[in-house]
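Working through the structure, step by step
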Amino acid sequence: MFPQSCKDLKYDYRSLPSTSVVIAFYNEAWSTLLRTVHSVLETSPNLLLREVVLVDDYSDRAHLKEPLENYISSLKKVRLIRARKREGLVRARLLGASIATGDVLTFLDCHCECHEGWLEPLLHRIKEKPSAVVCPVIDVIDWNTFQYLGNPREPHIGGFDWRLVFTWHPVPEYEQKHRHSPIDVIRSPTMAGGLFAVSKNYFHYLGTYDTGMEVWGGENLEFSFRIWQCGGSLEIHPCSHVGHVFPKKAPYSRGKALANSVRAAEVWMDEYKELYYHRNPHARLEAFGDVTDRRKLRTQLRCKDFKWYLENIYPDIHVPEDRPGMFGMLKNRGMSSYCFDYNPPDDNNLVGHRIILYTCHGMGQNQFFEYSSERSEIRYNTREPAGCAAGDAVSTYLTVHLCKKPRQPVPQDQKFVLREVRGKGTMHPKW
Ligand code: UD2
Ligand code: MN
């Protein structure tokens, strides 16, 4: 959805900051990489675009060597720099940023297509508010046909679940009320990570990125928490659209993501990191390196705590109680090696399926449930929007429904009363 009034916006280019577009890539296909570069060149006003910085993160595909150099040598404004070893996307982007000359850094993934008029709103907003980090709306480019599909719905904002997985959500009512017009920016608790613009000075003030993060993953939530907790704001501009290919499979392994998330949790989440560890028991054992400097940065910048962030920036997230004994595996009393297990066929269709009994494995994930004493719900795992166990008087099984929002009442069939049995707490359905 592209608000009609976006088209009426006029910008005085001379008053806007200039930008360098930084694109890191690892073993990307020729066509998608060049599509990204050409679309930036074709849609960005000359006055605003300082350069496009391509960063090769030590790719080994032949077409990205000489052929790429030859090809871009005829393109004005395109620079290529190569990492001397595999750096991962965080350090690769920083390498690009280090040679960028524009006032604003605009990061893109290497398989994007910028839509006409994408750049001006981002730069305009940063001029208006230098501590704003601004993302375009991410449109979908079809993975099979490479057709630009756009985004038929209202822009969505970013969130996360307690496994520290990034999630999308419709714009909440409080944010709709806060905006005066459909072309106002939308504040977002988190960003997807790949596409955003930030004032170069502000990026440095904020401590750029956590360079202890490898390959892929986690840096988007880390940066999101940091932006908000340290006084900035993270926004989506509804008039700026960029298409992105969401690949079925990346051209590289993503093994390091867990350690990256742990770093984010250890630096920014205070005691709330326990909620994450409860849901990812193996994360507690992960070697995540040294975060002393990042914690120092947090102190130096006098950043707010995670409680403040949750209450003020992400009030819609459900914060689990995780009282001792009231979360984790839900064992069957008769067959105590069997646990509640919920395994929906795919991630996009979380609700509507049956909870089964399966051998207890202790690994969290599909066997992670939490009991909310305040709301008498048995909540599944940690995903947002979360699923709640529901039963009725006739079925012999439970299914998972969407949990109600924090301020909505819980329906009867999703309420479970906890009865103490011989000193041991067990959960019983009310019906
Ligand atoms: C999303 C983000 C991505 C990043 C990631 C979390 C969007 C559209 N994409 O995953 O930018 O924040 O979440 O980490 O929001 N790359 C390297 N070196 C590497 C690995 C990747 O340069 O070792 C490049 C890669 O070629 C691409 C970019 O980093 O240009 C992001 O990687 P991706 O496209 O595989 O990530 P994506 O879109 O699945
Ligand atoms: Mn991508």
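From a predicted model like this one, the values you see are computed outputs, not experimental measurements. (Residues numbered from 1 in each chain as written. Chains lettered and ligands numbered in written order. Predicted model: local features only at pLDDT ≥ 70, side-chain atom pairs only at ≥ 80, totals over all residues. Heavy atoms only, no water.)

**Points about the overall build of the protein**
As a reminder of what qualifies: In DSSP terms, a helix is any run of H or I states spanning at least four residues, a strand is any run of E spanning at least two, and both are numbered starting from the N terminus. Atoms counted for the radius of gyration: C-alpha only. Globule rule: 2.2 Å times residue count to the power 0.38. Think of it in three bands: with a 1.4 Å probe and only protein chains considered, a residue is buried below 20% of the maximum accessible area for its type, exposed above 50%, and partly exposed in between. Residue contacts follow a heavy-atom distance rule, with two residues in contact if any of their heavy atoms lie within 4.5 Å. Values of accessible area rely on a 1.4 Å probe in the Shrake-Rupley scheme; residue burial ignores everything except the protein chains shown. Charge counting follows a simple rule: Lys and Arg are positive, Asp and Glu are negative, and His as well as the terminal groups are ignored. One atom stands in for each charge, and that atom is NZ of Lys, CZ of Arg, CG of Asp or CD of Glu.
Regarding its fold elements, the protein presents eleven helices and 21 strands. Here the C-alpha radius of gyration of the protein, 23 Å, is about what a compact globule of 431 residues would show, namely 22 Å. Across its three principal directions, the C-alpha atoms of the protein cover 80 × 50 × 45 Å. In the protein, which comprises 431 residues, the proportion classed as buried is 54%. The contacts of the protein with a sequence gap of at least 6 include a subset with a gap of at least 24, amounting to 74%. When the accessible surface of the protein is summed, it comes to about 20,200 Å², and 52% of that surface belongs to carbon and sulfur atoms. Across the protein, the centroid of the 56 positively charged side chains sits 3 Å from that of the 51 negatively charged ones.

**A look at the packing of aromatic side chains**
How two aromatic rings sit relative to each other is given by the distance of their centres and the angle of their planes. Threshold: Aromatic rings from Phe, Tyr and Trp, with only the six-membered ring used for Trp, were paired whenever their centres fell within 6.5 Å, and each pair was classed as stacked if the ring planes differed by under 30 degrees, edge-to-face if by over 60, and tilted otherwise. Criterion for a charge above a ring: Lys NZ or Arg CZ within 6 Å of the ring centre, and within 35 degrees of the ring normal.
Applying the stated criterion across every chain, the model contains 24 aromatic pairs. Both rings, one in Phe-225 and one in Phe-306, keep their centres 5.0 Å apart while their planes meet at 80°; by these two values the pair is edge-to-face. Of this pair, Phe-225 sits in helix H7 (residues 219–229) while Phe-306 sits in helix H11 (residues 306–313), and the two are 81 residues apart along the sequence. Comparing Phe-225 with Phe-306 shows no difference in burial state: the two are buried. A network of ring pairs unites the aromatic residues Phe-160, Trp-162, Phe-225, Tyr-272, Phe-306, Tyr-309 and Tyr-314 as a single cluster. For Lys-304, the ring lying beneath its charged end belongs to Trp-308, and the centroid distance is 4.4 Å. Sitting over the ring of Tyr-397, Arg-354 keeps its end group 3.6 Å from the ring centre.

**Some details on the environment of Phe-146**
With respect to the helices, strands and loops of the structure, Phe-146 is situated in the loop between strand E6 (132–141) and strand E7 (148–150). Contact partners of Phe-146, with chain neighbours within four places excluded, come to Thr-32, Arg-35, Ile-141 and Val-245.

**Topic: the state of the cysteines**
How we decide: Pairs of cysteine sulfur atoms within 2.5 Å are what we label disulfides.
Within the structure shown, the criterion is met by four disulfides. Across a sulfur-sulfur distance of 2.1 Å, Cys-230 and Cys-303 are joined as a disulfide pair. Across the disulfide from Cys-230 to Cys-303, rotation about the S-S bond amounts to roughly 100°, and the bridge is consequently right-handed. Taken together, the residues span a long stretch of sequence, with Cys-230 in the loop between H7 and strand E12 (233–245) and Cys-303 in the loop between helix H10 (292–300) and H11 at a distance of 73 residues. Judged by its relative accessible area of 7%, Cys-230 is buried. With its sulfur 2.1 Å from that of its partner, Cys-339 forms a disulfide with Cys-360.

**What about the coordination of the manganese ion (ligand 2)?**
Our working rule: A 2.8 Å cut-off from the metal defines N, O and S donors, relaxed to 3.2 Å for Na, K and Ca; water is not in the atom list, so some sites may appear incomplete.
In the first shell of the manganese ion (ligand 2), the protein supplies Asp-109 (OD), His-111 (NE2) and His-244 (NE2), at 2.2 Å from the metal. In the primary structure, the donors to the manganese ion (ligand 2) are separated according to the pattern D-x1-H-x132-H. Grouping residues by exposure puts Asp-109 and His-111 together as buried.

**A short note on the sheet that holds strand E19 (residues 399–402)**
Basically, it comes down to this: At least two DSSP bridges between two strands are needed for those strands to be called paired.
Strand order in the open sheet formed by five strands is E13-E16-E17-E18-E19, with antiparallel pairing between adjacent strands. The sheet is open, and its two borders are formed by strand E13 (327–328) and E19, each paired with just one other strand. Relative to E19, strand E18 (residues 387–390) is paired through four bridges, and the arrangement is antiparallel. Within E19, the position partnered with Gly-387 by the bridge is Leu-402.

**Remarks on the site of ligand 1**
To be explicit about the condition: Consider each residue's heavy atoms; a residue with any of them within 4 Å of a molecule or strand counts as near. Side-chain atoms alone can form a polar contact between residues adjacent in sequence; in general such a contact is a pair of N or O atoms within 3.5 Å, and within protein one must be able to donate a hydrogen while the other accepts it. Nonpolar residues are Ala, Val, Leu, Ile, Met, Phe, Trp, Tyr, Cys and Pro. Charged residues are Asp, Glu, Lys and Arg, and all others, Gly as well, are polar.
Taken together, the neighbourhood of ligand 1 is formed by 21 residues, with Asp-57, Arg-86, Gly-217, Glu-219 and Tyr-252 sitting nearest. In this structure, Cys-110 approaches ligand 1 through a main-chain N or O atom, which is 3.1 Å from an oxygen atom. Protein chains bury 94% of the 740 Å² of accessible surface belonging to ligand 1 in isolation. With three residues, the single largest contributor to the shell around ligand 1 is helix H3 (residues 88–99). Here the residues of the shell around ligand 1 are counted per class, giving nine nonpolar, six polar and six charged.

**Some words on unusual backbone geometry**
The backbone of Tyr-58 shows a phi angle near 60°, a positive value even though the residue is not glycine. Within the fold, Tyr-58 resides in the loop between strand E2 (49–56) and helix H2 (66–73). The class for Tyr-58 is partly exposed, based on a relative accessible area of 47%. The residue Leu-164 is not glycine, and still its phi comes out positive at about 65°. In this fold, Leu-164 is placed in the loop between strand E8 (156–160) and strand E9 (166–170).

**Points about the UniProt feature "domain: Glycosyltransferase 2-like" (unreviewed entry) in the protein**
Note the threshold: UniProt positions are given in the numbering used here, feature names are shortened, and annotations may be inferred rather than shown by experiment.
Mapped onto the present numbering, the UniProt feature "domain: Glycosyltransferase 2-like" (unreviewed entry) falls at residues 20–203. Helix makes up 29% of residues 20–203 and strand 30%. Its end C-alpha atoms lie 13 Å apart.

**Side note on H10**
Filter applied, for reference: Our arc is simply the arc of the directions from the helix axis toward the C-beta atoms.
Of the residues making up H10, those classed as buried are Arg-294, Leu-297 and Arg-298. The arc that holds every buried residue of H10, seen down its axis, measures 100°, which confines them to one face. When the buried face of H10 is taken as reference, the exposed residues oriented beyond 90 degrees from it are Asp-293, Thr-299 and Gln-300. In this structure, the buried residues of H10 make contact with H7, helix H8 (257–268) and H11. Phi turns positive, to about 50°, at Arg-302, one or two residues after H10.

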